[in-house]
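# Coordinates in review
One-letter residues, chain by chain:
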Amino acid sequence: MAADNMYEGWVGDDASSANGNMIWKQYVPKAWEETDIEIKITHSGVCGSDLHTLRSGWREAPYPIVVGHEIVGVAIRVGSEAEGNINVGDVVGVGPQSDSCLNRDADYRCAECAAQCENYCRRRIGTYASKHRNGSKTQGGYALYHRAPSHFVVKIPDGLAPELAAPMLCAGVTVYSPLKRYGAGPDKSVGVIGLGGLGHFAVLFAKALGAREVVGISRREDKRTDAVDLGCDDYIATGDEEDWAVKHSRRFDIIINTVASVKMPFAEYLGLLTLDGTLVQVGLPEGPILFRPSGLGLTRSRVAGTYIGSPSEIREMLQVAVEKGVKPWVQQRPMKDANTAILDFEAGKPRFRYVLVN
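Residues numbered from 1 in each chain as written. Predicted model: local features only at pLDDT ≥ 70, side-chain atom pairs only at ≥ 80, totals over all residues. Heavy atoms only, no water.

Threshold: UniProt positions are given in the numbering used here, feature names are shortened, and annotations may be inferred rather than shown by experiment.
The chain carries the name alcohol dehydrogenase (NADP(+)) in an unreviewed UniProt entry, which gives Purpureocillium lavendulum as its organism. Comment text from UniProt for the chain, heading Cofactor (unreviewed entry), reads "Zn(2+)". According to UniProt, the comment filed for the chain under the heading Sequence similarities (unreviewed entry) is "Belongs to the zinc-containing alcohol dehydrogenase family."

In structure tokens form, the structure reads like this:
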């Protein structure tokens, strides 16, 4: 059993921690409440958000910080007021969100929480780099234990290995949610830009949802084999194929763009959309993307955003993964090698997700 007042994990004390300088040491966890569940962590996925946060790429991080928000483990303590019908011994997971307002305040009506869209609550709380409602700092999963409000703890269904479930809790649901929302199915052509951790999930879930056509899009021809092995029906190498934007104009009903670079050819991507098509920008660059709005008017298309997934969406996605046999490409790394793992992640070495294992 974890100590009530102290955990151990990989702590980032400043921006240099993103350079492989996290330190294994003690830190203060969330103060226990009877609505909580305590988890002995077995697996924790490595996400690009972890690197952005460690180096304060999006905003100044609240150091000291423990990152990791694709957490899977065993419930070892369940509060007397916990939700979700979770029992000690269950395999459970926690994604990027730790809490929201859940309409607890009598003077505030949250339409998002009422609609089970807790991930869009204006008072949402991240699994790390935030503060719990009781004032405790939120700390993530590069550690031995995790403590979280039960509303945001989900059971991992039988038939889904924990190392496969972990990266689904952020990367998986981040693309599953918009694919489902915009109707990926037998009548839709789906383009996936960027075949990394997020992109490979987009291919897998677009296929699982029955899309008519799923096409991988990346800069170089050397990703074609991976694209085909993932299940893509076609592949576009934008850096090696002449006039690719013209050749594939108005081809896709849905585009999932996982690229997080400010230098991407965004206007050309918009030209790939059909009439009333949707480009969902999933990658989050550390700077602005420039494009001309006129590119939208030519096909009455739209650029949409998305943000992780709600607990109900995560449960639905996990069940789809079991039923359709979705198997992400995962490489397991020992938790003790977390510093090396984040450096390898930054260098683009994983195919396609690293999962730290205790």
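### Description of the pattern of salt bridges
Test applied: Here, a salt bridge means any Lys or Arg side-chain nitrogen found within 4 Å of an Asp or Glu carboxyl oxygen. Helix and strand assignments come from DSSP, with helices taken as H or I runs of at least 4 residues and strands as E runs of at least 2, each series counted from the N terminus. Three exposure classes are used, based on accessible area relative to the maximum for each residue type with a 1.4 Å probe and protein chains only: buried under 20%, partly exposed in between, and exposed over 50%.
Under the defined criterion, the tally for this structure stands at 23 salt bridges. The salt bridge involving Arg-147 is made with Glu-38; its shortest N-O contact spans 2.8 Å. Residue Arg-147 is found in strand β8 (residues 145-149), and its partner Glu-38 is found in strand β3 (residues 36-45); the two are separated by 109 residues along the sequence. For the pair shown, Arg-147 and Glu-38 are each scored as buried. Arg-353 is the salt-bridge partner of Glu-70, the closest N and O atoms lying 2.7 Å from each other. Linking Glu-70 in the loop between α1 (48-54) and β4 (71-78) with Arg-353 in strand β17 (residues 353-357), this pair joins segments that are 283 residues apart in sequence. Each of the two residues, Glu-70 as well as Arg-353, counts as buried. Connected through salt bridges with shared partners, the residues Lys-30, Glu-33 and Asp-36 form a single ionic network.

### With respect to the pairing of β4
To be explicit about the condition: A strand pair is defined by DSSP finding two or more bridges across the two strands.
Pairing of β3 with β4, which is carried by seven bridges, proceeds in the antiparallel orientation. For Ser-44, the partnering residue across the bridge sits in β4 and is Ile-71. Across four bridges, the pairing between β4 and strand β5 (residues 91-94) is antiparallel. Counted as the bridge partner of Val-74 is Val-91 from β5.

### A look at unusual backbone geometry
Across the junction of Tyr-63 and Pro-64, the peptide omega takes the value -5 degrees, indicating a cis bond. Checked against the element boundaries, Pro-64 lands in the loop between α1 and β4. In this chain, Arg-351 is followed by Phe-352 through a cis amide linkage whose omega measures -5 degrees. Residue position: Phe-352 is located in the loop between α10 (338-346) and β17.

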